[in-house]
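Results of the structural survey
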Amino acid sequence: MSEHTVSAYDQELTELAGKVAEMGGLAEKAFSDAVSSLVSQDLELAKVTIQKDERLDTLQQEVEVKLIEIIARRQPMGQDLREITAATRIANDLERIGDLAKNVAKRVIAIDSDLQSKKLAIGVEHMTELTLSQLKLVLDAYTRRDAEAARRVQEADAEVDAIYTSLFRELLTYMMEDPRVITQCVHLLFCAKNIERIGDHATNIAENVYYMVTGERLPEDRVKMDETTFSA
Amino acid sequence: MNEMPNLEQASAMTTSKISANNVQVYYGDTHAIRDVNIEIQPQSVTAFIGPSGCGKSTFLRTLNRMNDTIDICRVEGTITIDGEDIYNAKVDPVQLRAKVGMVFQKPNPFPKSIYDNVAYGPRIHGLARNKAELDDIVASSLQKAGLWEEAKDRLDEPGTGMSGGQQQRLCIARAIAVSPEVILMDEPCSALDPIATAKVEELIDELRENYTIVIVTHSMQQAARVSQRTAFFHMGVLVEEGPTEDIFTNPKDKRTQDYITGRFG
């Protein structure tokens, strides 16, 4: 896209997009560190992850301030209008992803013991891999302004939901077999739920990227695969 | 399903107030307007936007034959209002301009009293049989223009003594006084402060109920605020026309996009 006649406007938009990109990197890192600390019971890493969330909160507030400033000063239209509204929404999603990662890290400290069975962690790890790759893809789609890539991310979220459903059943089975693992399993279940929500936020981001680029809404006709609400 | 667009088009054709087909305007050898086609809906506000010299004002002036007053100006193509060709030799331009009123960039009240400014049109068109009827027309026009409360006690004072915003609303009252169906506005707020502008915009929104309004404006925010449809002109060409919210959030043409976002070279 060519530049604005008023170059300060370009700088403001670039600054806004830069903040969102920085948030993306931080959210991605927080998420992967939180799950690593869970799997390896690394309390130090968990603590660091919790502390780092502050930066995400600060950045989100900065994005909001910048948005209001741009609206007040520039009255953005067309592509610019879509770009700044998408940036704020994406910042909100990334801030929430940070909170969810922080919550996983807090549970690592709460569990504070080795996992009874490595088996338990495998499902969570698998789910994390998939969700993390979704998050990476959607953040790439944001920087590259790639609507098609965003659309594919939205479609793939059904898979994350499906894994969550099967993980939910698996954990339920463990708890019935051995009541001693209930505390751990409940924590793991919440972690899995957090990861599933991170997937939902990645989907929100995908929808916003698609709208930002095309000006059209992405049709929300995908089937909800998370069936735990019904089976619980 | 496939026939829907055709039906829609057909109904748009029949409900349009103004219909322009292949309109060309020449100033001597200069081809100022090229192949403009547009349907303007009744009881709505249509905004023309575009950079200086893009032809938006020239095109606006074809709608009540104001270009007839410029010797070297030539208009081709057809423009119909309610299905009638306004460039037909039988059409009296003076009658046409009563039906299609105009408000200009700079408020231009006559150097007469407020009363006479509004009464001028009805008098020359013989719209009132006596003083009482003329009084009624003046009062109701000033009311419709939102100026009655401010003007009723000073009707004998000169119109030129009012503030800029009041003068512009006086000009709108003057246009309304001859019962037009269409009101053309060529940058009606560019000489007004923000409060006077807001009053004129509020007035435009009220007038929309009874009139078809076409407004040329340099302020995109104004076009976004007051209009239902927006047309973007560039270098004599009508680039894009559509619902105002679409033009300002998701324009289809790159030139429109560049213009509304402030990227024009």
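The model shown is predicted, which means the values in this text are computed figures rather than measured ones.

1. Here's the deal with the overall build of chain B
- Per the secondary structure count, chain B includes eleven helices and ten strands.
- At 19 Å, chain B has a C-alpha radius of gyration in line with the 18 Å of a compact globule built from 265 residues.
- For chain B, the residues scored as buried account for 51% of the 265 residues in total.
- Counting only contacts in chain B whose residues sit at least 6 apart along the sequence, the fraction spanning at least 24 positions is 66%.

2. Comments concerning the interface of chain A and chain B
- Contact with chain A, which involves 16 residues of that partner, is made by 16 residues of chain B.
- Note on chain A versus chain B: buried area summed over both sides is about 1200 Å², and carbon and sulfur give 44% of it.
- Our count for the chain A to chain B interface comes out at one salt bridge.
- The shortest N-O distance in the salt bridge between Asp 80 of chain A and Arg 263 of chain B comes to 3.0 Å.

3. Let's talk about helix H8 (residues 194–207) of chain B
All names here are of chain B.
- The terminal C-alpha atoms of H8 lie 20 Å apart, and with 14 residues this matches the ideal 20 Å at 1.5 Å per residue to within 8%.
- Buried within H8 are the following residues: Ala 196, Thr 197, Val 200, Glu 201, Leu 203, Ile 204 and Leu 207. Along H8, the residues classed as buried sweep out an arc of 160° about the axis, all on the same side. Facing away from the buried side of H8, by more than 90 degrees, are the exposed residues Pro 194 and Ile 195.
- Packing partners of the buried residues in H8 comprise strand E3 (45–49), helix H5 (131–144), helix H7 (164–176), strand E7 (182–186), strand E8 (212–216) and helix H9 (220–226).
- The opening residue of H8, the one whose side-chain oxygen lies 3.1 Å from the backbone nitrogen of Ile 195, is Asp 193.

4. Considerations on empty space enclosed by the protein
Residue and element names in this part refer to chain A.
- Inspection of every chain in the model, using the stated rule, returns one cavity of 30 Å³ or more.
- Put simply, the largest cavity is a space of about 100 Å³.
- Lining the largest cavity are Leu 26, Lys 29, Ala 30, Asp 33, Thr 49, Lys 52, Asp 53, Leu 56, Gly 98, Ala 101 and Lys 102.
- Among the elements of the structure, helix H1 (7–40), helix H2 (43–74) and helix H3 (78–111) are those that each provide at least two residues to the lining of the largest cavity.

5. What to know about the side chain of Thr 62 of chain B
- Positionally, Thr 62 of chain B belongs in helix H2 (residues 56–62).
- Reaching out from Thr 62 of chain B, the side chain makes a polar contact with the backbone oxygen of Phe 59 of chain B at a distance of 2.5 Å.

6. Thoughts on the packing of aromatic side chains
- This structure, assessed with the given rule, holds six aromatic pairs over all chains.
- Each ring, one from Phe 48 of chain B and one from Phe 59 of chain B, has its centre 5.7 Å from the other, and the planes form 45°; the classification is tilted. Separated by eleven residues along the polypeptide, Phe 48 of chain B in strand E3 and Phe 59 of chain B in helix H2 bring together distant segments of the chain. No difference in accessibility class separates Phe 48 of chain B from Phe 59 of chain B, as the two residues are buried.
- Note on Phe 59 of chain B and Phe 233 of chain B: the rings are 5.7 Å apart at their centroids and 35° apart in plane angle, and the pair reads as tilted. One end of the pair, Phe 59 of chain B, is in helix H2; the other, Phe 233 of chain B, is in strand E9 (residues 229–234), and 174 residues separate them in sequence. The residues Phe 59 of chain B and Phe 233 of chain B share a single accessibility class, namely buried.
- The structure contains a cluster of three or more aromatic residues connected by ring pairs, namely Phe 48, Phe 59 and Phe 233 of chain B.
- Over the ring of Tyr 211 of chain A we find Arg 217 of chain A, and its NZ or CZ is 4.6 Å from the ring centre.
- The positively charged end of Arg 74 of chain B is found above the aromatic ring belonging to Tyr 26 of chain B, 4.3 Å away from the centroid.

7. Focus on the nonpolar core
- In terms of nonpolar packing, the biggest core is built from 69 residues, with Leu 38, Ile 90, Leu 94, Met 127, Val 138, Tyr 142 and Leu 171 of chain A touching the most fellow members.
- Met 127 of chain A has contacts with Val 160, Ile 163, Tyr 164, Leu 167, Ala 192, Ile 195 and Glu 196 of chain A, leaving out every residue within four places of it along the chain.

8. Some points on the environment of Pro 158 of chain B
All names here are of chain B.
- Among the structural elements, Pro 158 can be located in the loop between helix H6 (148–151) and H7.
- According to the relative accessible area criterion, Pro 158 is partly exposed, its value standing at 44%.
- Sequence spacing of Pro 158 and Ile 114 is 44 residues, and the spatial spacing of their C-alpha atoms is 5.6 Å.

9. Topic: the pattern of salt bridges
Residues and elements named next belong to chain A.
- Under the definition given, this model contains 34 salt bridges over all chains.
- A salt bridge links Lys 19 to Glu 62; the shortest N-O distance between them is 2.8 Å. Of the two residues, Lys 19 sits in helix H1 while Glu 62 sits in helix H2, which places them 43 residues apart along the sequence.
- Using a relative accessible area of 28% as the deciding quantity, one classes Glu 62 as partly exposed.
- Residue Glu 28 is joined to Lys 136 by a salt bridge in which the shortest nitrogen-to-oxygen separation is 4.0 Å. Of this pair, Glu 28 sits in helix H1 while Lys 136 is found in helix H4 (residues 118–144), placing the two residues 108 residues apart along the sequence.
- By relative accessible area, Glu 28 is classed as buried at 19%.
- What emerges from the salt-bridge pattern is a single network uniting Glu 148, Arg 151, Arg 152 and Glu 155.

10. Structural notes on the pairing of strand E2 (residues 30–40) of chain B
Residue and element names in this part refer to chain B.
- As paired elements, strand E1 (residues 18–27) and E2 share seven bridges and run antiparallel to each other. Looking across to E2, one finds that Tyr 26 is bridged to His 31.
- The turn joining E1 and E2, which pair antiparallel and follow one another in sequence, is formed by two residues; a positive phi near 60° is taken by Gly 28.

11. Notes on the confidence of the model for chain A
- Looking at chain A, the pLDDT average stands at 91 and 93% of residues meet or exceed 70.
- Here helix H7 (residues 228–231) of chain A stands out as the least confident element of chain A, with mean pLDDT 54; H2 of chain A is the most confident, with 96.

12. A short note on unusual backbone geometry
Residues and elements named next belong to chain B.
- Unlike most non-glycine residues, Arg 65 shows phi in positive territory, near 60°.
- Tracing the sequence through the fold places Arg 65 in the loop between H2 and strand E4 (73–81).
- A relative accessible area of 11% places Arg 65 in the buried class.
- For Met 235, which is not a glycine, the phi torsion comes out positive at approximately 50°.
- As for its placement among the helices and strands, Met 235 is situated in the loop between E9 and strand E10 (237–243).

Definitions and cut-offs
- Residues numbered from 1 in each chain as written.
- Chains lettered and ligands numbered in written order.
- Predicted model: local features only at pLDDT ≥ 70, side-chain atom pairs only at ≥ 80, totals over all residues.
- Heavy atoms only, no water.
- Helix = DSSP H or I, 4+ residues; strand = E, 2+ residues; numbered from the N terminus.
- Rg over C-alpha atoms; globule rule 2.2 N^0.38 Å.
- Buried < 20%, exposed > 50% of the residue type's maximum accessible area, 1.4 Å probe, protein only.
- Contact = heavy atoms within 4.5 Å.
- Buried area = accessible area lost by both parts, 1.4 Å probe.
- Salt bridge = Lys/Arg side-chain N within 4 Å of Asp/Glu carboxyl O.
- Expected span 1.5 Å × (residues − 1).
- Arc of directions from axis to C-beta.
- Polar contact = N/O pair within 3.5 Å; in protein donor to acceptor, adjacent residues only side chain to side chain.
- 1 Å grid on protein atoms, 1.4 Å probe; cavity = no way out; pocket = protein on both sides within 12 Å on 5 of 7 lines; lining within 4 Å.
- Points joined across faces, edges and corners; volume = space filled by probe spheres on them.
- Phe/Tyr/Trp six-rings, centres within 6.5 Å; stacked < 30°, edge-to-face > 60°.
- Lys NZ or Arg CZ within 6 Å of the ring centre and 35° of its normal.
- Core = buried A, V, L, I, M, F, W, Y, C linked by side-chain atoms within 4.5 Å.
- Pairing = 2+ DSSP bridges.
- pLDDT = per-residue confidence, 0-100.

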